[in-house]
Amino acid sequence: MSVSEAARAAKLSHARVGALVRSGRVPSRKVGNQHVILDPNALLAMPRRAGRPMAPRMAWGLLLLADDQRPEWVSPGDLYRLKKHLARLASDPEPESLLQALVRNRAARHSYRAPQPDALLRDDELVLSGVSDARAGMSAGSDVEAYVHEDDVRKVVRRHLLVEASDAHANVWLHSSPLVPASPSRLQVAADLAEHGGPRERTRARDLIRTVVRGRP
């Protein structure tokens with residue numbers, strides 16, 4: 001698929017897709033003078049908006065604050081800025097796109113294929129989120145999404161015989177981070193859903209966000 005075709009399919013600008021290809025974030029190969037996208041589905045996980053993402057500590061501050069948790073690292077000045085972001089989410093016509101762009105540095109997202117994905121549902125080192133969280137309202141079937149501490153990724157990969165896969169062929173998505181809350185916040189689940197890129201997931205992400213930010217001071 002060419003850059004132009006991929007941009008139309010993902011509803012992204014040609015310039016945005018070209019930048020993602022040049023940075024190596026979207027797998028491609030060069031045929032003649034053109035880049036060919038190897039995994040068009042990888043574009044769906046990319047933020048729909050350009051812009052500078054929040055630092056990890058601020059991203060996690062936003063996700064936790066939305067569920068009325070104030071982490072110890074959030075200063076009064078940070079608190080003011082985070083509340084401004086929540087107000088932006090409340091008024092934005094596509095809050096899932098805004099949230100996805102803001103908090104993409106919260107964790108590294110890995111796509112895998114597992115021979116027995118159900119076994120991950122019983123792994124105590126994983127915190128289920130995204131399509132595997134009941135609040136997502138998704139019938140995930142044999143798909144699993146979870147957070148894992150960045151130091152434990154290799155161990156989990158070996159234990160469950162995970163093989164790296166494109167988004168189109170993955171049945172497991174792991175988000176690795178130095179911070180893994182014991183229970184995912186609602187905005188955390190929404191951000192995970194938005195990264196899947198499908199219309200059903202993005203619609204559910206939008207509904208979750210609006211439920212969280214509606215009526216906040």
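Before reading on, note that the structure itself is shown above.
Novice: Teacher, can you tell me more about helix α8 (residues 199-213) here?
Specialist: Spacing of three or four residues puts side chains on the same side of an α-helix, whose turn is 3.6 residues. Along its 15 residues, α8 runs 21 Å from first to last C-alpha, staying within 8% of the 21 Å computed at 1.5 Å per residue. Along α8, the residues that are buried comprise E201, R202, A205, L208, I209, V212 and V213. Angular distribution of buried residues about the axis of α8 spans 120°; they occupy a single face of the element. Tucked inside the fold, the buried residues of α8 contact α4 (76-91), α5 (95-102) and α7 (186-196). Once α8 ends, the next one or two residues include G215, with phi positive near 75°.

Novice: Hey, could you run me through the environment of Q188 in this one?
Specialist: With respect to the helices and strands, Q188 occurs in helix α7. Separated by 17 residues in the primary sequence, Q188 and N171 have C-alpha atoms spaced 19 Å apart. If we ignore the near neighbours within four places in the chain, the residues touching Q188 are W60, L63, S129, Y147 and P181.

Novice: Can you help me understand the sheet that holds strand β5 (residues 144-149) in this one?
Specialist: Paired through backbone hydrogen bonds, the strands of a sheet run either parallel or antiparallel to each other. If you walk across this open sheet you meet the 5 strands as β4-β5-β7-β3-β6, and the pairing is mixed. Either end of the sheet is taken by a strand with one partner, and the two such strands are β4 (127-128) and β6 (163-164). Sheet topology note: the strand β3 (residues 108-113)/strand β7 (residues 172-177) ladder contains 5 bridges and is antiparallel. Looking across to β7, one finds that Y112 is bridged to V172. Set on the sheet, α7 makes contact with β3, β5 and β7; between it and β5 the angle comes to about 120°.

Conventions we followed
- Residues numbered from 1 in each chain as written.
- Predicted model: local features only at pLDDT ≥ 70, side-chain atom pairs only at ≥ 80, totals over all residues.
- Heavy atoms only, no water.
- Helix = DSSP H or I, 4+ residues; strand = E, 2+ residues; numbered from the N terminus.
- Expected span 1.5 Å × (residues − 1).
- Buried < 20%, exposed > 50% of the residue type's maximum accessible area, 1.4 Å probe, protein only.
- Arc of directions from axis to C-beta.
- Contact = heavy atoms within 4.5 Å.
- Pairing = 2+ DSSP bridges.
- Axes fitted to C-alpha atoms, helices over the stretch in contact; angles between N-to-C directions.

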